[in-house]
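Each chain, letter by letter, is given below.
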Amino acid sequence: MLAPVTHMLALTHIRRQRLLPFPGQVMVRLGQSVKPADVIAQVPRPGSHLIVDVRRMLRLPPSVKMDQVLQVHQGDKVEKDMPLGEYEGMFTRIARAPEDGTVVMIQGGRVVLETAPEILHVFAEMSGEVTEIIPERGAWVETDGALLQGVWGNDHTISALLMTRMSSPDETLDVNRLDVSMRGGILAVGHCSNADVLRIATEIPLRGLILGSMTADLVPVAEKLTMPILVLEGFGKIPVNPLAYKILTSSDQREISLLAHRWTPYAANRPEVVIPLNAAAEYPNDTAQFRPGQMVRVNTGKNAGRCGKLSQIRPGVRVFPSGLTAQAADLQMEDGTEICLPVANLDVLE
């Protein structure tokens, strides 16, 4: 039976595609060595249009004409908060520009602003070599190193030195353990359940945070931060799995790439940690067959996030207490207990 795979590999070959959402200009060449911050491709992104209802904002009487209050003309460039119009009645009222832009139209008491175009960049995000160019869209970047795949990220990326502060896989980080010696690094810890920890981490500032797990109530807080945050195991109090714990604790002070992509099971860019190493490696397997002795992780239910060794896949099907009829697997957990779960609730760690 095919099993979904989550990579927790001390050494593997990593190949990732970096693409623009629409055609643009590729900035690298075949065989070029790249760093995480190098631009792979770029494309101008047109500015947006904003409609400012100046007449309504100034609450103008019908007798007042727009040319009496307007302070801009078509074609003028304006900066954010610059006055577009001003009316002196009992009190002075001012309509201000919501963004930097250019006045492209004035009609019926409304001012239409076009914001400045932006350049959309696609970055390498990891150190490696450009092995294939995709015309007008981007490139493939490849490297060898350790790879840890997570289950959640807040959609930010960074590269910096890893600082591992775990004396056990389930250790909880509190505010008293954060200090300025961590400034500029990516901190790897077991668990977080305190929003103040995330706030103080950004004030130090840390450049990123790798968590074994965190409580679900911190998701809205983490999503508002620009500091990358990646969760390896899931939500609740879940210890870091043994494979990831060994890789993280042995990689202290190494330069890593923290790619905390926002991910769903149907998307390709999974949240992951890449630790480049100067050693040749083979491509990993994206799927595997369940077999005895494998390290597997429970991905749903009351045992979600727990890891154990697969003892056997039971023949036939089993009726579980919930009423579900499914193929079953026996697991020997890290604490020595044995449990039986549906095979569909497991993924392989390798």
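See the structure above.
All figures in this text were calculated on a predicted structure; none of them were measured in a lab.

Turning our attention to the overall build of the protein. In terms of helices and strands, the protein carries four helices and 29 strands. A globule of 350 residues ought to have a C-alpha radius of gyration of about 20 Å, yet the protein, at 27 Å, is considerably larger. Along the first, second and third principal axes, the C-alpha set of the protein runs to 85 × 50 × 45 Å. For the protein, long-range pairs separated by at least 24 residues make up 62% of all intrachain contacts whose partners lie at least 6 apart in sequence.

What follows concerns the sheet that holds strand 29 (residues 346–349). Read across the open sheet, the seven strands follow the order 22-1-29-23-24-27-28; overall the sheet is mixed. Edge positions in the sheet fall to strand 22 (287–289) and strand 28 (338–342), since each has one partner strand and no second. Along the sheet, successive strands turn relative to each other by an average axial angle of 50°, direction set aside. Bridge count between strand 23 (residues 295–298) and strand 29: three bridges; the pairing is antiparallel. Its bridge partner lying in strand 29, valine 296 is registered against valine 348.

Quick look at the packing of aromatic side chains now. The full count for this structure, using the stated rule, is one aromatic pair. Ring geometry for tryptophan 152 and phenylalanine 235: centres 6.1 Å apart, planes at 75°, overall edge-to-face. Taken together, the positions of tryptophan 152 in strand 15 (residues 152–153) and phenylalanine 235 in strand 19 (residues 229–235) put the pair 83 residues apart, joining distant regions of the chain. In this structure phenylalanine 235 comes out as partly exposed when scored by relative accessible area, which is 36%. The lysine or arginine in question, arginine 318, covers the ring of phenylalanine 320, its NZ or CZ lying 5.2 Å from the ring centre.

Attention shifts here to the sheet that holds strand 7 (residues 77–78). With antiparallel pairing, four strands are arranged side by side in an open sheet as 6-11-10-7. In this open sheet, the two edge strands, each paired with only one partner strand, are strand 6 (49–53) and strand 7.

Right, let's get into helix 4 (residues 242–249). Given 3.6 residues to a turn, an α-helix orients residues that are three or four positions apart in the same direction. Considered for burial, the residues of helix 4 that qualify are Ala244, Tyr245, Ile247 and Leu248. Taken down its axis, helix 4 places every buried residue within 170° of arc, on the same side. One side-chain oxygen of the residue at the start of helix 4 lies 3.1 Å from the amide nitrogen of leucine 243, identifying that residue as asparagine 241.

Here aspartate 330 is to be found in strand 27 (residues 328–333). A distance of 2.7 Å separates polar atoms of two side chains, one belonging to aspartate 330 and the other to glutamine 312. Ignoring sequence-local partners within four residues, the contact set of aspartate 330 consists of Lys309, Leu310, Ser311, Gln312, Arg314, Ile339 and Cys340.

Residues Leu148, Ile210, Leu230, Leu232, Leu248, Ile256 and Val273 are the most contacted members of the largest nonpolar core, which totals 24 residues. Secondary structure elements with two or more residues in this core: strand 14 (138–149), strand 16 (156–164), strand 17 (186–192), strand 19, helix 4, strand 20 (255–260) and strand 21 (272–276). Excluding its chain neighbours within four sequence positions, the residues that come into contact with leucine 148 are His7, Met8, Leu232, Ala244, Ile247, Leu248, Pro271, Glu272 and Val273. Judged by nonpolar contacts, the second largest core, of 23 residues, contains Val197, Leu211, Ala222 and Met227.

Glancing now at the side chain of glutamine 294. Take glutamine 294: it is sitting in the loop between strand 22 and strand 23. On the accessibility criterion, glutamine 294 (5% relative accessible area) is buried. From its side chain, glutamine 294 meets the backbone oxygen of glutamine 289 in a polar contact 2.9 Å long. Those residues in contact with glutamine 294 that lie beyond four places of it in its chain are Ala288, Gln289, Gly308, Lys309, Leu310 and Val348.

With that settled, consider helix 2 (residues 195–203). Where helix 2 is concerned, the buried positions are Val197, Leu198 and Ala201. End-on, the buried residues of helix 2 take up no more than an arc of 100°, which puts them together on one face. In this fold, the buried residues of helix 2 make contact with strand 17, strand 18 (208–214), helix 3 (219–224) and strand 19. A side-chain oxygen of the first residue of helix 2 lies 2.8 Å from the backbone nitrogen of aspartate 196; this N-cap is asparagine 194.

A word on the state of the cysteines. For the structure shown, the criterion picks out zero disulfides. Left without a disulfide partner, cysteine 307 is nearest to the cysteine sulfur of cysteine 340, which lies 18 Å away. Judged by relative accessible area, which is 5%, cysteine 307 ranks as buried.

Moving on: unusual backbone geometry. In this structure, the amide linkage connecting isoleucine 204 to the following residue, proline 205, adopts the cis form with an omega of -5°. Mapped onto the elements, proline 205 comes out in the loop between helix 2 and strand 18. The residue glutamate 136 is not glycine, and still its phi comes out positive at about 65°. Phi is positive for glutamine 253, which is not a glycine, with a value near 75°. Relative to the assigned elements, glutamine 253 resides in the loop between helix 4 and strand 20.

Time to look at the pattern of salt bridges. Evaluation of the coordinates by the stated rule reveals 13 salt bridges. Put simply, aspartate 347 and arginine 297 hold a salt bridge, and the shortest N to O gap is 3.6 Å. You can see aspartate 347 sitting in strand 29 and its partner arginine 297 sitting in strand 23, a full 50 residues away along the chain. Each member of the pair, aspartate 347 as well as arginine 297, is classed as buried. Each of Arg15, Glu132 and Glu142 takes part in a single network of salt bridges with overlapping partners.

How each quantity is defined
Residues numbered from 1 in each chain as written. Predicted model: local features only at pLDDT ≥ 70, side-chain atom pairs only at ≥ 80, totals over all residues. Heavy atoms only, no water. Helix = DSSP H or I, 4+ residues; strand = E, 2+ residues; numbered from the N terminus. Rg over C-alpha atoms; globule rule 2.2 N^0.38 Å. Contact = heavy atoms within 4.5 Å. Pairing = 2+ DSSP bridges. Axes fitted to C-alpha atoms, helices over the stretch in contact; angles between N-to-C directions. Phe/Tyr/Trp six-rings, centres within 6.5 Å; stacked < 30°, edge-to-face > 60°. Buried < 20%, exposed > 50% of the residue type's maximum accessible area, 1.4 Å probe, protein only. Lys NZ or Arg CZ within 6 Å of the ring centre and 35° of its normal. Arc of directions from axis to C-beta. Polar contact = N/O pair within 3.5 Å; in protein donor to acceptor, adjacent residues only side chain to side chain. Core = buried A, V, L, I, M, F, W, Y, C linked by side-chain atoms within 4.5 Å. Disulfide = S-S within 2.5 Å. Salt bridge = Lys/Arg side-chain N within 4 Å of Asp/Glu carboxyl O.

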